[in-house]
Amino acid sequence: MIHTIYIEEEIRDHPRTLRICQRFPNARTIYCERYTSVFNNNSQNFRLQKKNPALILAKKHQKYVLPTPAGYGVGSERNFYFSHMLNCLYDCRYCFLQGMYRSANYLIFVNYEDFFEEITNTASASTEDSWFFSGYDCDSLAMDPVTDFMPTALEYFSNHPKSYLEIRTKSTQIRSLLNHEAMPNCVVAFSFSPNNTYKKLEHGVPDINKRIRAMKKLQNNGWRLGLRLDPVIYSPTLQADYESLLENIFQSIDAKLLHSVSYGMFRLPKPFYKKMIRLYPEEKLFSLPLTEHDAQVSFEQTTELSSLETVHTALLKYVEEKIIFPCR
Amino acid sequence: MINLIAATRAEADPVIAALKLKRISTNFDLYQHDHIQLIISGMGKCNVATACGWLANRTFNEEAAGATSVAWLNFGIAGHATHELGSAYIAHKITDLATGELWYPHQFSNNLPSSELTTVDTPLLDYLPDQLHDMEASSFIKATRIFSDAELVQCIKVVSDNRTNPLSAVNAKFANSLITNSVEMIIQQAEQLETLSNTIPQPETRLFNLLHSRWHFSASQTTQLRRLLQRYAALLDSAENIPEPLQQKTSSKDVLNWLKGQVDRADISL
């Protein structure tokens, strides 16, 4: 899977670096001074790199925790995100990472403790609960067997009950969660699209039913679950598609135990959208009649509103209004 | 398309013969067969930069107008303190000793051994530890990354001298024999690089050229035309000829309006 590992000189002997390298004994190891020499250079091509991404192990030096964009959250006032990893194992064609980065290499910051120190500082700035979202710049669980981040994160959050963790994922790599006692301040949030969108756009993502089975196992073990329907992509069969998806999910998942549901329309910052067209000019999604509004490229507002209303209505069949959060 | 760069005739000849390339230019020693071009740049950073710039202009603007994706491979001999003569390496880190600039060519596999490569302006008295030495690679990679994606630019070097077999013993005949022994591997790498380059979708040029030559489009209309044709191909069809309803249009504005109407009304299920 990984054939080349770039390692920053500063962390070449870090225990996590050594452990991760042990997993890939046949990989070529290349040392570099800073990861920025390898990640996100001007002439790099995300599409070409995605064919065979390398792994980069580095140390992050600042900005471990950032406020979430407006409209991103599940009911709390204090929302932050952190990314111990940049880029994703999967290749979803709608994903903004393709527009944000020029490099598709997987970048792992091995100094996890520095993230937790800043999470502590951020949370202690207020007496209110704080939410920390993992899985904004990567999938939280997909690479967990490599990163081994979750056991460390769960240990930290189990000792900080006023800090809430959302683990957003499309993965079925739930072993580290099943090995840990369920925590009241942790939500495992699974993202889904209807089957036709999944088949056409979510390359490499585990099958919908396998993800539902992973959710069920977690719910049976007492974990709080979230459901994320973002992005919603318009289709003439949108209503039937979402009704079918939700029926499939709630045949297995107890809706009453669900922590939250959020949904949001397909939307991209214009510079990201332009870059993604250049990468995938043949992609039908980027040729649909999209428009620019609120500094984002998305479907026309009437299409957007009716699509979101359709999804919202479909959700109300299973869950209470108070746990539904639209994202903008 | 793939462009191959060698510093000297001695290094280039085995590849020219193996690929049956024909000489086609007198400005530079340029050889071609079908979608493969090979240029003999001359030794040193200045020569290779000039050759790459000239070849890029020829590739993108003259011979293959509209080409958007070209792969580049620099091959040749290099020194190393301890590596065995004749062993071949793909460069995974290239440093320019004079300027300190460095590059990390993307590695697509680990099938071939790789090495650090330092480009020097003049031969060194002794070898730097654990790296290849040549006189062109840094200039080659700096120049070609202007024209192509970084992943499509690679260097392969064959060891010609080491501490026990000094540079002074290397002559044209020896360089030629070293490349001859590695020619199959060099061609294989070139083919892999070209295959990768071909995965980048080429823009629709035939219909664009037909429309652009028949009606007058301003600069901004030309941009609109390109994007509309891109959407037309993605949503409807890759039309080879001017669609029948467009034949009746009298102005570029009408052409654009018709195309926009078609793509905006297209079935928008994925």
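Residues numbered from 1 in each chain as written. Chains lettered and ligands numbered in written order. Predicted model: local features only at pLDDT ≥ 70, side-chain atom pairs only at ≥ 80, totals over all residues. Heavy atoms only, no water.

Some points on the overall build of chain B
Each helix and strand in chain B was counted, giving 8 helices and 10 strands. Summarising its shape, the C-alpha atoms of chain B cover approximately 75 × 40 × 30 Å along the three principal directions. For chain B, the proportion of its 270 residues judged to be buried stands at 53%. Taking as baseline every contact in chain B between residues at least 6 positions apart, the subset at least 24 positions apart corresponds to 68%. Counting only carbon and sulfur atoms, one obtains 52% of the accessible surface of chain B, whose full area is about 12300 Å². (Helix = DSSP H or I, 4+ residues; strand = E, 2+ residues; numbered from the N terminus. Buried < 20%, exposed > 50% of the residue type's maximum accessible area, 1.4 Å probe, protein only. Contact = heavy atoms within 4.5 Å. Areas by Shrake-Rupley, 256 points an atom, 1.4 Å probe, with all protein chains shown as cover.)

Here we look at the overall build of chain A
Counting its regular elements, chain A contains 12 helices and 18 strands. Taking 2.2 N^0.38 as the reference for a compact globule, 328 residues should give roughly 20 Å; the C-alpha atoms of chain A span a radius of gyration of 20 Å, in line with that estimate. With respect to the three principal axes, the spread of C-alpha positions in chain A is 55 × 45 × 35 Å. Across the 328 residues in chain A, those meeting the buried criterion constitute 60%. Looking at chain A alone, contacts between residues at least 24 apart form 76% of all its contacts between residues at least 6 apart. Per element, the accessible surface of chain A, about 13600 Å² overall, is 47% carbon and sulfur. Here chain A contributes 38 positive and 36 negative side-chain charges, whose respective centroids are spaced 5 Å apart. (Rg over C-alpha atoms; globule rule 2.2 N^0.38 Å. Lys, Arg positive; Asp, Glu negative; His and termini not counted. Charge placed at Lys NZ, Arg CZ, Asp CG, Glu CD.)

A word on the domain arrangement of chain B
Assigned domains of chain B: these are domain 1 (2–198) and domain 2 (206–264). The distance between the C-alpha centroids of domain 1 of chain B and domain 2 of chain B comes to 42 Å. (Domains from an automatic or database assignment.)

Considering unusual backbone geometry
Excluding glycine, most residues fall at negative phi; most peptide bonds, likewise, are trans. All names here are of chain A. Residue Asp230 is joined to Pro231 through a cis peptide bond whose omega torsion reads 15°. Mapping Pro231 onto the fold places it in strand β13 (residues 224–232). In this structure, Asp148 is a non-glycine residue whose phi angle is positive, near 55°. Take Asp148: it is sitting in the loop between α5 (144–147) and α6 (149–158). Residue class for Asp148 comes out partly exposed when judged on its relative accessible area of 34%.

Some points on α6 of chain A
Among all positions in α6 of chain A, only Phe149, Met150, Ala153, Leu154, Tyr156 and Phe157 of chain A are buried. All buried residues of α6 of chain A fall inside an arc of 160° around its axis, so they share one side. (Arc of directions from axis to C-beta.)

Looking at the nonpolar core
Within the largest apolar cluster, 130 residues are counted, with the highest numbers of intra-cluster contacts made by Leu55, Phe192, Leu227, Leu229 and Leu315 of chain A together with Leu211 and Leu259 of chain B. Of all hydrophobic cores here, the second largest spans 35 residues; its members include Ile40, Val183, Ile186 and Leu193 of chain B. (Core = buried A, V, L, I, M, F, W, Y, C linked by side-chain atoms within 4.5 Å.)

Section: the pairing of strand β16 (residues 290–293) of chain A
Residue and element names in this part refer to chain A. Sheet topology note: the β16/strand β17 (residues 296–299) ladder contains 4 bridges and is antiparallel. What sits directly across from Leu290, in β17, is Phe299. Between β16 and β17, which pair antiparallel in sequence order, lie 2 residues; one of them, Asp294, sits at a positive phi of approximately 55°. (Pairing = 2+ DSSP bridges.)

A closer look at the packing of aromatic side chains
Taken as a whole, this structure holds 28 aromatic pairs over all chains when the rule is applied. Here the aromatic rings of Tyr81 of chain A and Tyr136 of chain A are separated by 4.4 Å at their centres, their planes lie at 45°, and the arrangement is tilted. Note that Tyr81 of chain A is positioned in strand β5 (residues 79–82) and Tyr136 of chain A in the loop between β9 (130–134) and α5, a separation of 55 residues in sequence. Both rings, one in Phe28 of chain B and one in Trp54 of chain B, keep their centres 5.1 Å apart while their planes meet at 40°; by these two values the pair is tilted. Within this pair, whereas Phe28 of chain B is found in the loop between β2 (22–25) and β3 (29–33), its partner Trp54 of chain B is found in helix α2 (residues 45–63), the two being separated by 26 residues in sequence. According to the relative accessible area criterion, Phe28 of chain B is buried, its value standing at 17%. Here Arg93 of chain A stacks its cationic end above the ring of Tyr280 of chain A, 3.8 Å away from the centre of that ring. Sitting over the face of the ring of Phe208 of chain B, Arg226 of chain B holds its NZ or CZ atom 4.1 Å from the ring centroid. (Phe/Tyr/Trp six-rings, centres within 6.5 Å; stacked < 30°, edge-to-face > 60°. Lys NZ or Arg CZ within 6 Å of the ring centre and 35° of its normal.)

Brief notes about the packing of helix α5 (residues 206–214) of chain B against helix α6 (residues 219–235) of chain B
Residue and element names in this part refer to chain B. Two elements in contact, α5 and α6, have axes separated by 10 Å at closest approach and are oriented at 145°. Crossing of α5 over α6 shows right-handed handedness. Counting all contacts with α5, which are made through Leu207, Phe208, Leu211 and His212, the residues of α6 involved are Thr222, Leu225, Arg226 and Leu229. When the residues that make up the contact of α5 with α6 are grouped by side-chain class, the tally is 5 nonpolar, 2 polar and 1 charged. (Axes fitted to C-alpha atoms, helices over the stretch in contact; angles between N-to-C directions. Left-handed = near helix turned anticlockwise from the far one by under 90°. Nonpolar A, V, L, I, M, F, W, Y, C, P; charged D, E, K, R; others polar.)

Some details on the sheet that holds β9 of chain A
All names here are of chain A. Pairing is mixed in the open sheet, where 8 strands are placed in the order β4-β5-β9-β10-β11-β13-β14-β18. A strand with exactly one partner marks an edge of an open sheet, and here the two such strands are β4 (65–67) and β18 (324–327). Recorded for the sheet is a direction-independent mean angle of 25° between the axes of neighbouring strands. Summarising the sheet, β4 and β5 pair through 3 bridges and their orientation is antiparallel. Paired with Pro67 across the strands is Phe80, a residue of β5. Most of the contacts of α6 go to strand β10 (residues 163–169), to which it runs at about 155°, and overall it touches β5, β9, β10 and β11 (186–191).

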